[in-house]
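Remarks on the overall topology
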4 protein chains.
Amino acid sequence: MVLRTAEQYIEGLRDDRVVYYRGRRIRDVTTEPELRIAVLHAALDYRLARDPQHRDLAVVQDAETGDEYSSYYRLPRGSEDLLNRSRLIEVTTAEGATLVTLIREIGTDALFALQRVVSGEALERVQAFHDHCKGRDLSLAVAQTDVKGDRSLSPSAQPDPDLYLRVAKETREGIVVRGAKVHTSVSVNSDELIVLPTRAMGPDDVDFAVSFAVPMATEGLNLYASSYSAGSRDRFEFPLSSKAKMLETLTVFNDVFVPWERVFVCRQPELAGPLALTFVEYHRFTAVSYKLPLVDAFVGAASEIAEMNGIARAGHIRDKIAHLIAYAETVRALTEMAAYRCRVDERGIAYPDPMTTNIAKMTFASQYHASLAALQDCAGGLLVTGPGDEDWDNGDIRQVLEKYFRAKVPAEPRLKMMHLISDLTARDFGGYHAVLAVHAEGSIEAEKLQILRSYEDGRTRSYVRRLAGIDTE
Amino acid sequence: MVLRTAEQYIEGLRDDRVVYYRGRRIRDVTTEPELRIAVLHAALDYRLARDPQHRDLAVVQDAETGDEYSSYYRLPRGSEDLLNRSRLIEVTTAEGATLVTLIREIGTDALFALQRVVSGEALERVQAFHDHCKGRDLSLAVAQTDVKGDRSLSPSAQPDPDLYLRVAKETREGIVVRGAKVHTSVSVNSDELIVLPTRAMGPDDVDFAVSFAVPMATEGLNLYASSYSAGSRDRFEFPLSSKAKMLETLTVFNDVFVPWERVFVCRQPELAGPLALTFVEYHRFTAVSYKLPLVDAFVGAASEIAEMNGIARAGHIRDKIAHLIAYAETVRALTEMAAYRCRVDERGIAYPDPMTTNIAKMTFASQYHASLAALQDCAGGLLVTGPGDEDWDNGDIRQVLEKYFRAKVPAEPRLKMMHLISDLTARDFGGYHAVLAVHAEGSIEAEKLQILRSYEDGRTRSYVRRLAGIDTE
Amino acid sequence: MVLRTAEQYIEGLRDDRVVYYRGRRIRDVTTEPELRIAVLHAALDYRLARDPQHRDLAVVQDAETGDEYSSYYRLPRGSEDLLNRSRLIEVTTAEGATLVTLIREIGTDALFALQRVVSGEALERVQAFHDHCKGRDLSLAVAQTDVKGDRSLSPSAQPDPDLYLRVAKETREGIVVRGAKVHTSVSVNSDELIVLPTRAMGPDDVDFAVSFAVPMATEGLNLYASSYSAGSRDRFEFPLSSKAKMLETLTVFNDVFVPWERVFVCRQPELAGPLALTFVEYHRFTAVSYKLPLVDAFVGAASEIAEMNGIARAGHIRDKIAHLIAYAETVRALTEMAAYRCRVDERGIAYPDPMTTNIAKMTFASQYHASLAALQDCAGGLLVTGPGDEDWDNGDIRQVLEKYFRAKVPAEPRLKMMHLISDLTARDFGGYHAVLAVHAEGSIEAEKLQILRSYEDGRTRSYVRRLAGIDTE
Amino acid sequence: MVLRTAEQYIEGLRDDRVVYYRGRRIRDVTTEPELRIAVLHAALDYRLARDPQHRDLAVVQDAETGDEYSSYYRLPRGSEDLLNRSRLIEVTTAEGATLVTLIREIGTDALFALQRVVSGEALERVQAFHDHCKGRDLSLAVAQTDVKGDRSLSPSAQPDPDLYLRVAKETREGIVVRGAKVHTSVSVNSDELIVLPTRAMGPDDVDFAVSFAVPMATEGLNLYASSYSAGSRDRFEFPLSSKAKMLETLTVFNDVFVPWERVFVCRQPELAGPLALTFVEYHRFTAVSYKLPLVDAFVGAASEIAEMNGIARAGHIRDKIAHLIAYAETVRALTEMAAYRCRVDERGIAYPDPMTTNIAKMTFASQYHASLAALQDCAGGLLVTGPGDEDWDNGDIRQVLEKYFRAKVPAEPRLKMMHLISDLTARDFGGYHAVLAVHAEGSIEAEKLQILRSYEDGRTRSYVRRLAGIDTE
C-alpha cells in the first residue's frame with residue numbers, strides 16, 4: 001500500500017500480456033526498443049510523484065489512514081479537486097514533451113463515470129476496483145470505441161455480431177465477452193483495462209451493453225499495437241517523438257472470461273448511453289487539460305522562430321502570434337472555468353461543467369489546423385527542406401550548415417527550433433497530434449451536440465420573448 | 001447626499017447645454033421626442049437602483065458614513081468588486097433592450113484610470129471630483145477620441161492644430177482648451193464630461209496631453225449629436241430601437257475654460273499613453289460585460305425563430321445555434337475570468353486581467369458578423385420582406401397576415417420575433433451594434449496589440465527552448 | 001412591336017392592380033412617393049436599352065423579322081449569350097446603385113426554365129407567352145416561394161391547405177388558384193406575374209404542382225408590399241437608398257382564375273422539382289451577375305475611405321483590401337466560368353454550368369458578412385456617429401463639420417463616402433443586401449446540396465482508388 | 001536533337017555532381033535507394049512524352065524544322081498555350097501521385113521570365129540557353145531563394161557577405177560566384193541549374209544582382225540534400241510516398257566560375273526585382289496547376305472513405321465534402337481563368353493574368369489546412385491508430401484485421417484508402433504538402449501584395465465615387 005516507483009511500474013508490465021507490434025508477437029514490452037519509448041514516457045507519471053517539485057500536486061494523503069496515493073485516484077468533490085487534477089495533467093504533459101501519459105487520467109475518468117452511473121452491487125464492485133487500483137498504484141487503460149463495422153447500422157444490425165463487443169455467455173462465475181475495441185490508448189503499457197460501452201444502446205442491443213475491468217494479461221485478450229510512426233528517431237531531428245510516444249491497439253477479446261466482481265454493467269442497455277456520456281465528459285476535461293502544453297508550445301515556438309529568423313516585427317507575423325495566444329489562452333480560460341463552474345451530483349461527486357468543457361474542447365479542435373498553419377508560416381520552408389542529424393554529425397557538413405543557416409542566432413539553436421516545429425507539425429508526431437485534435441475524446445460534431453444538450457436555453461429564450469413583446473404585452 | 005431618482009436625473013439635464021440635433025439647436029434635451037428616447041433609456045440606471053430586485057447589485061453603503069451610493073462609483077479592490085460591476089452592467093443592459101446606458105460605466109472607467117495614473121495634487125483633484133460625482137449621484141460622459149484629421153500624421157503635424165484637442169492657454173485660474181472630440185457617447189444626456197487623451201504623445205505633442213472634467217453646460221462646449229437612425233419608430237416593428245437609443249456627438253471645445261481644480265493632466269505627454277491605455281483596459285472590460293445581453297439575444301432569437309419556423313431540427317440550424325452558444329459563452333467565460341484573474345496595483349486598485357479582457361473583446365468583435373449571418377440564416381428572408389406596424393394595425397390586412405404568416409406558431413409572435421431580429425440585425429439599430437462591435441472601445445487591431453503586450457511570453461518561450469534542447473543540453 | 005420607353009413602362013403600371021402599402025390600398029403605384037422610387041429604379045432597364053452606350057448589350061435584332069427586342073428575352077444558345085446576359089445584368093445593376101432592377105431577369109429565368117422542363121401543348125403555351133412578353137417588351141415578376149406554414153410539414157400536411165398555392169378548381173376554361181406566395185420581388189411594378197412551384201412535390205401534393213402566368217391586374221390577385229425601409233431619404237445621407245429600391249410582396253391569390261392558355265403546369269407533381277430547380281439554376285446565375293457591382297463597391301469603398309482617412313498604408317488595412325479584392329474577383333471569375341462552361345440541353349437551350357454557378361453563389365453568400373465587417377473596419381465609427389443632411393444644410397453647422405471632419409481630403413467627399421458606406425452596410429439598405437445575401441435565390445444549404453448533386457465525383461473517386469492501389473493491383 | 005527516353009534522362013544524371021545526403025557524399029544519385037525514388041518519379045516526365053495517351057499534350061512539333069520537343073519549352077503566345085501547359089502539369093502531377101515532377105516546369109518558368117526581362121546580348125544568351133535545353137531535352141532546376149541570414153537586414157547589411165549569392169569576381173571569361181541558395185528543388189536530379197535573384201535589390205546590393213545557368217556537375221557547386229522524410233517506405237502503408245519524392249538542397253557555390261555566355265544578369269540591381277517577380281508569376285501559375293491533383297485527391301478521398309465507413313449520408317460529412325469540392329473547383333476555375341485572361345507583352349510572350357493567378361494561389365494556400373482537417377474528419381482516428389504493412393503481411397494477424405476492420409466494404413480497400421489519406425495528410429508526405437502549401441512559390445503575404453499591385457483599382461474607386469456623388473455633383 002505505497003506509491004510505486006517508475007521501475008516498479010515498468011517491472012509490472014513484464015507479464016503474459018499478448019501484444020503484437022509490426023507483425024510479430026512481443027514478449028516483453030519493456031525491452032522492445034520502440035515500445036520502450038512509450039513505456040518510459042508513461043513512467044513519467046510515477047517519476048513526478050516522487051519529484052519534490054511536483055509531489056504536492058501529484059500525491060494525496062488519505063485523511064483517515066494516512067496512506068499516500070496518486071492524486072489521480074481522488075474522487076473529485078468540488079472545483080479545487082478538478083483544478084488540481086487539471087493542473088497535474090497539464091504539468092505532466094508539459095514534462096512529457098506535449099504528449100499526455102494517459103495511464104492514470106483516462107482510467108480514473110472511467111472510474112468516476114462508473115461511480116456516478118451504476119448502482120447497488122455494481123457500484124460496490126466499482127468502488128472495490130477503484131480501491132484495488134488506488135491501493136496498488138496501478139496504471140489503467142480504457143477500451144471504449146468499438147470497431148463498429150458499417151457505421152450506418154446499429155450494433156445488432158451488423159452482419160458480423162462481433163463488430164461491437166458483446167456478452168457471448170453468462171455463467172455463474174462471470175461473463176464471456178467477444179469482439180474488439182479500437183483506438184485503445186496505452187493498453188500496451190498499463191496494468192488494467194476498463195471496458196465501457198461506446199454509445200447509447202436500444203433494446204435490440206442488449207448484449208452490447210457491457211462494462212467491466214480485466215488485467216492486461218488476461219487469457220484471450222490480444223493487443224495489436226498500431227505501427228503508425230514506427231522506426232527509430234534521433235533526438236536532434238526529432239526532439240519530441242524520440243522520447244514521447246503513445247500506443248493505440250486494436251483490442252481483441254476472444255471469448256474473454258470476466259468474473260462477476262469485475263463486471264460493472266451487463267446487458268443493461270439503459271446504462272450504456274449515460275455511462276458513455278458521463279465518461280466522455282470527464283475525459284474531455286482531461287483532454288483540454290492535456291492540450292494546454294501543446295497550444296503553449298505553438299505560441300512559444302512561433303515567437304521563438306520568428307525572432308530567430310529576424311521577422312518578429314513583421315505585421316502579419318505579429319497578427320499570427322496574437323491569434324495563437326488568443327487560441328491557447330481561450331482554451332485555458334475555458335478549461336479553468338469548467339472547473340470553477342463544476343457541478344456536484346447527488347452522490348457528492350463533482351464534475352466539470354459540461355457546456356464549458358465542450359466549448360473548450362470544440363474551440364481547441366476547430367482552430368487546431370489553422371493554428372498549425374500559422375506556426376508553419378512563422379517558421380518557413382526549412383521545416384521540410386533542412387538538414388538532419390546525420391548531416392549535423394558530419395563535421396565537414398556541419399561547418400557548411402553553420403555558415404549558411406545562421407540567421408539572427410547561430411545555426412544550431414535555429415535548426416533545433418526548426419526541428420522541434422517540424423516534429424510538432426510536419427511529421428508523424430505532428431500528424432498524430434492533428435488527427436487526435438479532430439478525433440480523440442469525440443468528434444467536433446459530438447461536442448456540438450453536447451453544447452446544445454447542456455446549454456440551458458430557457459434564460460435566453462425567455463429574454464428574447466420579453467424583448468419582442470411576446471410574453472409580456 | 002442621496003441616490004437620485006430617474007426624475008431627478010432627467011430634471012438635471014435641463015440646463016444651458018448647447019446641443020444641436022438634425023440641423024437645429026435643441027433647448028431642452030429631455031423633451032425633444034427623439035433625444036427623449038435616449039434620456040429615458042439612460043434613466044434606467046437610476047430606476048434599477050431603486051428596484052428591490054436589483055438594489056443589492058446597484059447600490060453600495062459606505063462603511064464609514066452609512067451613505068448609499070451607486071455601485072458604479074466603488075473603486076474596485078478585487079475580483080468580487082469587478083464581478084459585481086460586470087454583473088450590474090450586464091443586468092442593466094439586459095433591461096435596456098441590449099443597449100448599455102453608459103452614463104455611469106464609461107465615466108467611472110475614466111475615474112479609475114485617472115486614479116491609477118496621475119499623482120500628487122492632480123490625484124487629489126481626481127479624488128475630489130470622484131467624490132463630487134459620487135456624492136451627487138451624477139451621470140458622466142467621456143470624450144476621448146479626437147477627430148484626428150489625417151491619421152497618417154501625428155497631432156502636432158496636422159495642418160490645423162485643432163484636430164486634436166489642445167491646451168490653447170494657461171492662466172492662473174485654469175486652462176483654455178480648443179479642438180474637438182468625436183464619437184462622444186451619452187454627452188447629450190450626462191451631467192459631466194471627462195476628457196482624456198486619445199493616444200500616446202511624443203515630446204512634440206505637449207499641448208495635446210490634457211485631461212480634465214467640465215459640466216456639460218459649460219460655455220464654449222458645443223455638442224453636435226449624430227442624426228444616425230433619426231426618426232420615430234413604432235414598437236411593433238422596432239421593439240428595441242423604439243425605446244433604446246444612445247447618442248454620440250461631435251464635441252467641440254471653442255476656447256473652453258477649465259479651472260485648475262478640474263484639470264487632471266496638463267501638458268504632460270508622458271502621461272497620455274498610460275492614461276489612454278489604462279482607461280481603455282477598464283473600458284474594454286465594461287464593453288465585454290455589456291455585450292453579454294446582445295450575444296445572449298442572438299442565441300435566444302435563433303432558437304426561438306427556428307422553432308417558430310419549424311426548422312429547429314435541421315442539421316445546419318443546429319450547427320448554427322451551437323456556434324452561437326459557443327460564441328456567447330466564450331465571451332462570457334473570458335469576461336468572468338478577466339475578473340477572477342484581476343490584478344491589484346500598488347495603490348490597491350484592482351483591474352481586470354488585460355490579456356484576458358482583450359481576448360474577450362477580440363473574440364466578441366471578430367466573430368460578430370459571422371454570428372449575425374447565422375442568426376439571419378435561422379430567421380429567413382421575412383426579415384426584410386415582412387409587413388410593418390401600419391399593416392398590422394389595419395384589421396382587414398391583419399386578417400390576411402394572420403392567415404398566411406402562421407407557421408408552427410400563430411403569425412403574431414412569429415412576426416414579433418422576426419421584427420426583433422430585423423431590428424437587431426438588419427436595420428439601423430443592427431447597423432449601430434455591428435459598427436460598434438468593430439470600432440467601439442478600440443479596434444480589433446488595438447486589441448491584438450494589447451494581447452501581444454500583456455502576454456508574458458517568457459513561460460512558453462523557455463518551454464519550447466527546453467523542448468528543443470536549446471537551453472538544457 | 002417595338003421597344004418601349006421608360007415612360008411607356010411606367011404608364012403601363014397604372015392599371016387596376018391591387019396593391020397595399022403601409023396599411024392602405026395604393027391606387028397608382030407610379031405616383032405614391034416611396035413606391036415611385038422603385039418604379040423609377042426599375043425603369044432603368046428601359047432607359048439603358050435606349051442609351052447608345054449600352055444599346056449593343058441591351059438590345060437584340062431578330063435575324064428573321066428585323067425586329068428589335070430586349071436582350072433579356074433571347075433564349076441562350078451558348079456561352080456568348082450567357083456572358084452577354086451576365087454583363088447586361090451587371091451593367092444595369094451598376095447603374096442602379098448596386099441594386100438589380102429584376103423586372104426582366106427573373107421573369108426570363110423562369111421562361112427559360114419552363115421551356116426546358118415542360119413539353120407538348122404546355123410548351124407551346126410557354127412559347128406563346130414568351131413571344132407575347134418579348135413582343136410587347138413587358139416586365140415580369142416571378143412568384144415562387146410559398147408561405148409554407150410549418151416548414152417541418154409537407155404541403156399537403158399543413159393544417160390550412162392554402163399555405164402552399166394550390167389548384168382549387170379546374171374548369172373547361174381554366175383553373176382557379178388559391179393561396180399565397182411570399183418574398184415576391186418587383187410584383188408591384190411589373191406587368192406580368194409568372195408563378196412557379198417552390199419545391200419538389202410528392203404524389204400527395206398533386207394540387208400544389210402548378211405553374212402559370214397572369215397579368216398583375218387580375219381579379220383576386222392582391223399584393224401586400226413590405227414596408228421594410230419605409231420613409232423618405234435624403235440623397236446626401238442616403239446616396240443609394242434614396243434612389244434605389246426593390247419591393248417584395250405577400251402575393252395573395254383569392255380564387256384567381258387562370259385561362260388554360262396561361263397554364264403551364266397543372267397537377268403534375270413530377271414536374272414541380274425539376275421546374276423549381278431549373279429555374280433556380282438560371283436565377284443563381286442571374287444572382288451572381290447582379291452581385292458583382294455590390295462586391296466591386298466593397299472593394300472601391302474600402303480603398304477610397306482608407307485613403308481619405310489616411311490609413312491606406314497600414315498593414316491590416318491592406319490585408320483587408322486584398323481579401324475584399326480576392327472575394328470580388330473570385331465571384332466574378334466563377335460567374336464568367338459558369339458561362340464558359342455552359343451546357344446545352346437536347347432542345348438546344350444553353351444553361352450555365354450548375355456546379356460552377358452554385359460555387360459562385362455560395363462563395364458570395366458565405367463570405368458576405370466577413371466582407372462587410374472588413375469594409376466597416378476600414379471606414380471607422382463615423383458610419384454611425386456622423387452628421388446627417390439636416391446638419392449639412394445648416395451653414396453654421398456645416399462650417400464646424402468642414403473644420404473637424406477634414407482628414408486627408410476635405411470633409412465633404414469624406415462624409416459622402418462615409419454615408420455611402422453607411423447606406424451600403426449599416427442601415428436598412430445594407431440590412432436588405434445582407435439578408436438577401438443569405439436568403440435570396442436559395443440558401444447556402446441549398447447551394448451546397450446543388451454542388452454535391454452537380455459535381456461528377458467519378459473522376460476524383462476513381463483517381464484516389466487508383467492512388468490507393470485499390471482498383472489496379 | 002530528339003526527345004530523350006526516361007532511361008536517357010536517368011543516365012544523364014550519372015556525372016560528377018557533388019551531392020550529400022544523410023551525412024555522406026553520394027557518388028551516383030540514380031542508384032542510392034532513396035534518391036532513386038525521386039529520380040524515377042521525375043522520369044515520369046519523359047515517360048509521358050512517349051505515352052500515346054499524353055503525347056499530344058506533352059510534345060510539340062517545331063513548325064519550321066519539324067523537330068519534336070517537350071511542350072514545356074514552348075514559349076507561350078496566348079491562352080491556349082498556357083491552358084495546355086497547365087493541363088500538362090496537372091496530368092503529369094496526377095500520374096505522379098499528387099507530386100509534381102518539376103524538372104521542366106520551374107526551369108521553363110525561369111526561361112520565360114528571363115526572356116521577358118533581360119535585353120540585348122543577355123537576351124541572346126538566354127535564348128541560346130533555351131535552345132540548348134530544348135534541343136537536348138534537358139531537365140532543369142532553379143535556385144532562387146537565398147539563405148538570407150537575418151531577414152530583418154538587407155543583403156549588403158548581413159554580417160557575412162555570403163548569405164546572399166554574390167558575384168565575387170568578374171574576369172574576361174566570366175564571373176565567379178559565392179554563397180548559397182536554399183530550398184532548391186530537383187537540383188539533385190536535374191541536368192542544369194538556373195540561378196535567379198530572390199528579391200528586389202537596392203543600389204547597395206549590386207553584387208547580389210546575378211542570374212546565370214550552370215550544369216549541375218560544375219566545380220564548386222555542392223548540393224546538400226535534405227534528409228526530411230528519409231527512410232524506406234512500404235507501398236501498402238505509404239501508397240504515395242513510397243514512389244513519389246522530391247528533393248530540396250542547400251545549394252552552395254564555392255567560388256563557382258560561370259562563363260559569360262551563361263551569365264544573364266550581372267550586377268544589375270534594377271533587374272533583380274522585375275526578374276524575381278516575373279519568374280514567380282509564371283511559377284505561381286505552375287503551382288496552381290500542379291495543386292489540382294492534390295485538391296482533387298482531397299475530394300475523392302473524403303467521398304470514398306465516408307462511403308466506406310458508412311457515414312456518407314451524415315449532414316456534417318456532406319457539408320465537409322461540399323466545401324472540399326468548392327475549394328478544389330474554385331482553385332481550378334481561377335487557374336483556367338488566369339490562362340483565359342492572359343496578357344501578351346510587347347515581345348509577344350504571353351503570361352497568365354497576375355491578379356487571377358495570385359488569387360488562385362492564395363485561395364489554395366489559405367484554405368489548405370482547413371481542407372486537411374475536413375478530410376481527416378471524414379476518415380477517422382484509424383489514420384494514426386491502424387495496422388501497418390508488417391501486420392498485413394502476417395497471415396494470422398491479417399485474418400484478425402480482415403474481421404475487425406471491415407465496414408461497408410472489406411478491410412483491405414478500407415485500410416488502403418486509410419493509408420492513402422494518412423500518407424497524404426498525417427505523415428511526412430502530408431507534412432511536406434502542408435508546408436509547401438504555406439511556403440512554396442512565395443508566401444500568402446507575397447500573394448496578397450501581388451493581388452494589391454495587380455488589381456487595377458481605378459474602376460471600382462471611380463464607381464464608388466460616382467455612387468457617393470463625389471465626382472459628379
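Cut-offs used in this document
- The residue numbers shown here count from 1 along each chain, following its written sequence.
- In the order they appear in the text, chains get letters beginning with A and ligands get numbers beginning with 1.
- Thresholds applied to this predicted model are a pLDDT of at least 70 for local features of residues and 80 or more for the giving and counting of side-chain atom pairs; totals over whole chains, interfaces and linings are not thresholded and use all residues.
- Working definition of a contact: two residues with C-beta atoms, positioned from the backbone, lying within 7 Å.
- Helix numbering and strand numbering both begin at the N terminus, where a helix is a DSSP run of H or I of at least 4 residues and a strand a DSSP run of E of at least 2.
- Side-chain classes are defined by residue name, with Ala, Val, Leu, Ile, Met, Phe, Trp, Tyr, Cys and Pro counting as nonpolar, Asp, Glu, Lys and Arg as charged, and the others, Gly among them, as polar.
- Exposed residues have 12 or fewer other C-beta atoms within 10 Å of their own C-beta, buried residues have 20 or more, and residues in between are partly exposed; the C-beta atoms are placed from the backbone.
- DSSP calls a pair of strands paired once it identifies at least 2 bridges connecting them.
- Note that domain bounds follow an automatic or database assignment of domains.
- The least-squares superposition of copies is restricted to C-alpha atoms, and to residues with a pLDDT of at least 70 in both copies.
- Comment: axis = line fitted to C-alpha atoms, over the contacting stretch for helices; angle = value between 0 and 180 degrees taken between N-to-C directions.
- For classification, angles of less than 35 degrees are called roughly parallel, those exceeding 145 degrees roughly antiparallel, those between 65 and 115 degrees roughly perpendicular, and all remaining angles oblique.
- To estimate how far a helix should extend, the number of its residues minus one is multiplied by 1.5 Å.
- What the arc describes is the spread of directions from the helix axis to the C-beta atoms.

Time to look at the interface of chain C and chain B. Contact with chain C, which involves 66 residues of that partner, is made by 66 residues of chain B. Here the side of chain C that touches chain B gets eight residues from one element, more than from any other, and that element is helix H15 (residues 428-439) of chain C. Broken down by class, the residue content of the side of chain C that touches chain B amounts to 28 nonpolar, 23 polar and 15 charged.

Okay, the pairing of strand E8 (residues 192-195) of chain D next. Residues and elements named next belong to chain D. Where burial is concerned, the two faces of E8 agree: the one with Glu192 and Ile194 and the one with Leu193 and Val195 are both buried. Across four bridges, the pairing between strand E5 (residues 140-143) and E8 is parallel. Paired with Ala141 across the two strands is Leu193, which belongs to E8. Bridge count for E8 against strand E9 (residues 210-215) is four bridges, and the pairing is antiparallel. Considered in E9, the bridge of Glu192 is made with Pro215.

Another point: the domain arrangement of chain A. All names here are of chain A. Domain parsing of chain A yields domain 1 (6-269) and domain 2 (272-460). At the interface, 45 residues of domain 1 touch 39 residues of domain 2. Of all the elements in the fold, those that place two or more residues in the side of domain 1 that touches domain 2 are helix H4 (79-95) and helix H5 (105-117). In terms of residues, the side of domain 1 that touches domain 2 owes the most to one element, H5, which gives 10 residues.

A separate point is the relation of the copies chain C and chain B. Relating one copy of the chain to the other requires a rotation about an axis plus a shift along that axis. The two copies are related by a screw operation: chain C maps onto chain B through 180° of rotation and 0.0 Å of translation along the axis, at an RMSD of 0.0 Å. Considering both components of the superposition, the chain copies are consistent with a two-fold axis. Mapped onto chain B, 98% of the interface residues of chain C again fall at the interface, so both copies present the same surface.

All names here are of chain B. Reading across from one edge, E2-E1-E10-E11-E7-E6 is the order of the six strands in this open sheet, with mixed pairing throughout. Here the strands that pair on one side only, and so sit at the sheet edges, are strand E2 (24-26) and strand E6 (166-170). Neighbouring strand axes in the sheet, compared pairwise and without regard to direction, differ in orientation by 20° on average. As judged from the five bridges shared by strand E10 (residues 221-225) and strand E11 (residues 248-259), these two strands associate in the antiparallel manner. What sits directly across from Asn222, in E11, is Val252.

The next thing to look at is the environment of Tyr404 of chain D. Following the sequence through the fold, Tyr404 of chain D ends up in helix H13 (residues 395-404). Looking at Tyr404 of chain D, the number of C-beta atoms within 10 Å reads 25, which means it is buried. In this view, Tyr404 of chain D contacts Val147, Ala180, Leu250 and Val252 of chain A; residues no more than four positions away in its chain are not counted.

All names here are of chain A. In contact at an axis separation of 8 Å, H4 and helix H8 (residues 315-340) are set at 150° when each is read in the N-to-C sense. One element, H4, and the other, H8, form an angle in the roughly antiparallel class. Two secondary-structure elements touch here, H4 through Ser79, Leu82, Leu83 and Ser86 and H8 through Thr335, Glu336, Ala339 and Tyr340. Among the residues forming the contact of H4 with H8, the class breakdown is four nonpolar, three polar and one charged.

Now for the sheet that holds strand E10 (residues 221-225) of chain A. Sheet architecture is open: six strands sit in the order E2-E1-E10-E11-E7-E6 (chain A), paired in mixed fashion. Edge positions in the sheet fall to strand E2 (24-26) and strand E6 (166-170) of chain A, since each of these pairs with one other strand and no more. Direction aside, the axes of adjacent strands within the sheet are offset by 20° on average. Each of strand E1 (18-21), strand E7 (174-185), E10 and strand E11 (248-259) of chain A is contacted by H13 of chain D, which is oriented at about 85° to E11 of chain A, the strand it contacts most.

With that settled, consider unusual backbone geometry. Phi angles above zero are rare outside glycine, and Thr98 of chain A is one such case at about 75°. Counting through the fold element by element, Thr98 of chain A comes out in the loop between H4 and H5. Overall, Thr98 of chain A belongs to the buried group, with 26 C-beta atoms counted inside 10 Å. Phi at Lys148 of chain D takes a positive value of approximately 75°, unusual for a residue other than glycine.

Residues and elements named next belong to chain C. Over its 17 residues, helix H6 (residues 120-136) extends 25 Å from the first C-alpha to the last, a length consistent with the 24 Å expected when each residue adds 1.5 Å. Among the residues of H6, Val126, Phe129, Cys133 and Lys134 are the ones counted as buried. Down the axis of H6, the smallest arc covering the buried residues is 135°, so these residues share one side. Seen from the buried face of H6, the exposed residues on the opposite side, beyond 90 degrees, are Gly120, Glu121, Glu124, Ala128 and Asp131. Those residues of H6 that are buried lie in contact with strand E4 (68-70), helix H5 (105-117), strand E5 (140-143), strand E8 (192-195), strand E9 (210-215) and strand E12 (263-266). A positive backbone phi angle near 55° is found at Asp137, which sits one or two residues after H6.

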